[in-house]
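Examination of the molecular architecture
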Amino acid sequence: MVRPYTITRGRTAPERDDLTLITVLTTVEDEADRALARGSRAGARGLQPEHRMILDRCRRPAAVAEVSAGLDLPVSVTKILLGDLVAQGLLRARAPLSVARAAGGVDLGLLTAVREGLRRL
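Residues numbered from 1 in each chain as written. Predicted model: local features only at pLDDT ≥ 70, side-chain atom pairs only at ≥ 80, totals over all residues. Heavy atoms only, no water.

With that settled, consider the overall build of the protein. Secondary structure summary: the protein contains seven helices and five strands in total. The helix and strand sequence of the protein, counted from the amino end, reads α-β-α-β-β-α-β-α-α-β-α-α. Taking all contacts inside the protein whose residues are at least 6 apart in sequence as the whole, residues at least 24 apart take part in 72%. Carbon and sulfur atoms make up 56% of the accessible area of the protein, which amounts to about 7600 Å² in all. (Helix = DSSP H or I, 4+ residues; strand = E, 2+ residues; numbered from the N terminus. Contact = heavy atoms within 4.5 Å. Areas by Shrake-Rupley, 256 points an atom, 1.4 Å probe, with all protein chains shown as cover.)

A few words now on the sheet that holds strand S5 (residues 91–94). In spatial order, the strands read S4-S1-S5; together these three strands make up an open sheet with antiparallel pairing. Unpaired on one side and paired on the other, strand S4 (62–63) and S5 mark the two borders of the sheet. Sheet topology places strand S1 (residues 24–27) next to S5; four bridges connect them, and they run antiparallel. Paired with leucine 25 across the strands is alanine 93, a residue of S5. (Pairing = 2+ DSSP bridges.)

Counting residues in hydrophobic clusters, the biggest one holds 18 residues, and the most contacted among them are Leu25, Ile54, Cys58, Val67, Leu82, Leu85 and Leu91. For this core, the elements supplying multiple residues, two or more each, are helix H3 (49–57), helix H4 (64–71) and helix H5 (75–87). By residue number, the principal contributor to this core is H5, which donates five residues. If sequence neighbours within four positions are ignored, leucine 85 has contacts with Leu47, His51, Ile54, Leu55, Leu90 and Leu91. (Core = buried A, V, L, I, M, F, W, Y, C linked by side-chain atoms within 4.5 Å. Buried < 20%, exposed > 50% of the residue type's maximum accessible area, 1.4 Å probe, protein only.)

Moving on, we get to H5. Between its terminal C-alpha atoms H5 stretches 18 Å, which fits the 18 Å expected from 13 residues at 1.5 Å a residue. Of the residues making up H5, those classed as buried are Val77, Thr78, Ile80, Leu81, Leu82, Gly83, Asp84, Leu85 and Val86. Glycine 89, located one to two residues past H5, shows a positive phi value of around 80 degrees. (Expected span 1.5 Å × (residues − 1).)

Moving on, we come to the environment of glycine 89. Structurally, glycine 89 is set in the loop between H5 and S5. For the pair glycine 89 and glutamate 31, spaced 58 residues apart in sequence, the C-alpha to C-alpha distance is 7.1 Å.

Our focus in this paragraph is the confidence of the model for the protein. The pLDDT averaged across the protein works out to 79; a share of 71% of its residues lies at or above 70. Looking at the elements of the protein, mean pLDDT is at its lowest for strand S2 (residues 41–42), recorded as 46, and at its highest for H4, recorded as 93. Under a pLDDT of 50 for its full length, residues 40–44 has, in the predicted model, nine contacts with residues more than four places off or in other chains. (pLDDT = per-residue confidence, 0-100.)

This is how it looks when you write it as structure tokens:
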């Protein structure tokens, strides 16, 4: 088992504070493919195995919580790794509502039904 501080190179907090559990992440395909093709180096920092797994997982949109669960790492560690990839331009982070709008809009009827169902609980 590798200690989390080893994976994050000793960092204990993410540089970005805008990544929430429901922030949606998507790999920037061309940039990620180039970085992976260059080998183990991307910019000034090398890509670790966890970075590579994140890029592969985020080829389809995924929330921070999903990525963290898939890596079996604490969310705080995952956020640090995600911040690295966003800073390198290999990963795009979006608020979940903007993704819903881009997919054709938010279904207010569905959201209302969910809210009412939760109230009945």
